[in-house]
Amino acid sequence: MNIHFTGKQADIDRIRDAGINMVRTDLFWSAIEKEQGVFDFNSFGYDELTSELEKENITPYYVLDYSNTLYEEDGAFIQTEKGFKAFDRYVDEATQRYKNKNIIWEVWNEPNIGLWKPEEYYKLLKETAKTIRANDPSGYIVAPALAGLSEESFVWLEELFRLGALEHMDAISVHPYRSWAPETVAYEYDVLRELVEKYSSKNVPIISGEWGYSTENGWYDLHLSEEEQATYLVRMLLINQLEKIPISIWYGWENDGTDESNFGLIEYDTGNPKLAYQAINAYSYLLADYQLSERIQTNSSDDYVLKFVNDNKEEIFVIWSVGTTHEINFLSKGQVYSLFGKKLYFHDGSTLEIGQQPIYLITK
């Protein structure tokens, strides 16, 4: 879950209750170093947040990012040697302070849509990775938080790979935002895997570091209802599992009341849960202790039938279609639950109606 807060215990509790086990947030350099050489992690609440996440067994995913006008005129970019050295001191302070906590450290956020050229970002990544590895052997380095999986972003990324960036990261983080269905990401993951294989022989996982759908009217020319947002959330998680993406970060926790509003699982002004929060609770609860086993083929490539199995060989099927509502022959008998965990009916092993909203069929 991507968050934009520190120190809100009630929100951490709700995140935990939803079965979310990782939290991503920016570790803003400019908020930590407001006076040259003085690093204050307490005033912005980072110490408290780290402590609360650790207590709840939630992994911190911290983004080391953004510039500092103490060293650079442009607060979104680093372009001087003085700035690079100062950023490294900030990284050194942060990774020393929070070492040995199995933190995921991400180097910057979406540099390909800013002023960063691949060679300049590579310099930052190389030095930052060196500092992290020296200070925090438990840390996990991800980069570059690539904005979009488009032809343009792949050109930028390939140049970064050509410089040798894959040797300095443990995983590739990408942000697969789109105005269409989550399942379309499969093709782009294949393109990305081929690009990795072209420039490295080591296994470098792909992670979905930030991805969401907004209920803001007109976002990406979409007009999603809360129910449609919840549907896409669960399908995003499921397609990432099918594509063997080990980490999926949803953007974001709360409607933030800005131009990027309404991505959240809860309301900005009241804190009331949206339907997406109910959906992720059902997903986490019903699939707890189950592992994805396989996708079962039907007569249509539009249909998704994912089989999950636990250690006792009990099975749960999660079923939906990217096409129109229709019936499929499905022999397995079991109790059917809605996207939101509501008990619907017992399936007797005959035809099963499926649509764009996933359903759960529990055979035990």
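Residues numbered from 1 in each chain as written. Predicted model: local features only at pLDDT ≥ 70, side-chain atom pairs only at ≥ 80, totals over all residues. Heavy atoms only, no water.

Engineer: Before we move on, can you summarise the pairing of strand β12 (residues 334-337) with the specific residues and values?
Structural biologist: For β12 and strand β13 (residues 343-347), the ladder comprises four bridges, and the chain directions are antiparallel. By the bridge assignment for β13, Y337 is matched with K343. The hairpin formed by β12 and β13 contains five residues between the paired strands, and G341 there has a positive phi angle of roughly 85°. The pairing of β12 with strand β15 (residues 359-362) spans three bridges and is classified as antiparallel. Paired with Q335 across the two strands is I362, which belongs to β15. (Pairing = 2+ DSSP bridges. Helix = DSSP H or I, 4+ residues; strand = E, 2+ residues; numbered from the N terminus.)

Engineer: Now, about the sheet that holds β13: what can you tell me, with residues and values included?
Structural biologist: Taking strand neighbours across the sheet as the criterion, the six strands line up as β8-β9-β10-β15-β12-β13 in an open arrangement whose pairing is antiparallel. Two strands close off the open sheet at either side, each with one partner strand: β8 (291-295) and β13. Here the average twist between neighbouring strands, direction ignored, is 25°. Across the sheet, helix α8 (residues 226-242) is in contact with β8, β9 (303-309), β10 (315-321) and β15; its angle to β9 comes to roughly 70°. With respect to the sheet, helix α9 (residues 275-286) is in contact with β10, β12 and β15, its orientation differing from that of β15 by roughly 20°. (Axes fitted to C-alpha atoms, helices over the stretch in contact; angles between N-to-C directions. Contact = heavy atoms within 4.5 Å.)

Engineer: Run through the sheet that holds strand β6 (residues 206-211), naming residues and quoting values.
Structural biologist: Pairing within the open sheet is parallel, and its seven strands lie in the order β1-β2-β3-β4-β5-β6-β7. For this open sheet the edge positions go to β1 (22-28) and β7 (248-250), each flanked by a neighbour on one side alone. Within the sheet, the average angular offset between the axes of one strand and its neighbour, ignoring direction, is 25°. Pairing of strand β5 (residues 171-175) with β6, which is carried by three bridges, proceeds in the parallel orientation. Paired with V174 across the strands is S208, a residue of β6. Strands in contact with α8 are β6 and β7; relative to β7, the strand with the most contacts, it is inclined by about 165°.

Engineer: Outline the pattern of salt bridges, supporting the account with residue identities and numerical values.
Structural biologist: Using the criterion set out here, one finds 20 salt bridges in the structure. A salt bridge links R97 to D47; the nearest nitrogen and oxygen atoms lie 2.7 Å apart. Of the two residues, R97 sits in helix α4 (residues 81-97) while D47 sits in helix α3 (residues 46-55), which places them 50 residues apart along the sequence. Accessibility expressed as a relative area gives 39% for R97, which makes it partly exposed. (Salt bridge = Lys/Arg side-chain N within 4 Å of Asp/Glu carboxyl O. Buried < 20%, exposed > 50% of the residue type's maximum accessible area, 1.4 Å probe, protein only.)

Engineer: Explain the packing of aromatic side chains to me, and be specific about the residues and the numbers.
Structural biologist: Counted under the stated rule, the structure contains 28 aromatic pairs. Here F44 and Y46 contribute two aromatic rings whose centre-to-centre distance is 5.3 Å and whose plane-to-plane angle is 40°, an arrangement assigned as tilted. Accessibility expressed as a relative area gives 0% for Y46, which makes it buried. Summarising the aromatic geometry, the rings of Y177 and F263 are spaced 6.2 Å apart at their centres and angled 80° between planes, so their arrangement reads as edge-to-face. (Phe/Tyr/Trp six-rings, centres within 6.5 Å; stacked < 30°, edge-to-face > 60°.)

Engineer: Outline helix α7 (residues 185-199), supporting the account with residue identities and numerical values.
Structural biologist: Across its 15 residues, α7 extends 22 Å between first and last C-alpha, which sits within 8% of the 21 Å expected from 1.5 Å per residue. Every buried residue of α7 is listed here: V185, A186, E188, Y189, L192, L195 and V196. (Expected span 1.5 Å × (residues − 1).)

Engineer: Requested: an account of unusual backbone geometry, with residues and values cited.
Structural biologist: With omega at 0°, the peptide bond leading from A143 into P144 counts as cis. On the secondary structure map, P144 appears in strand β4 (residues 140-147). Here the amide bond leading from Y251 into G252 is cis, since omega sits at 0°, within 30 degrees of zero. For G252, the location among the structural elements is in the loop between β7 and α9. Backbone geometry at Y220 places phi at a positive 55°, although glycine is not the residue there. Here Y220 is to be found in the loop between β6 and α8. Looking at Y220, the relative accessible area reads 43%, which means it is partly exposed. Positive phi values are uncommon outside glycine, yet D289 reaches one of about 75°. Checked against the element boundaries, D289 lands in the loop between α9 and β8. Accessibility expressed as a relative area gives 68% for D289, which makes it exposed.

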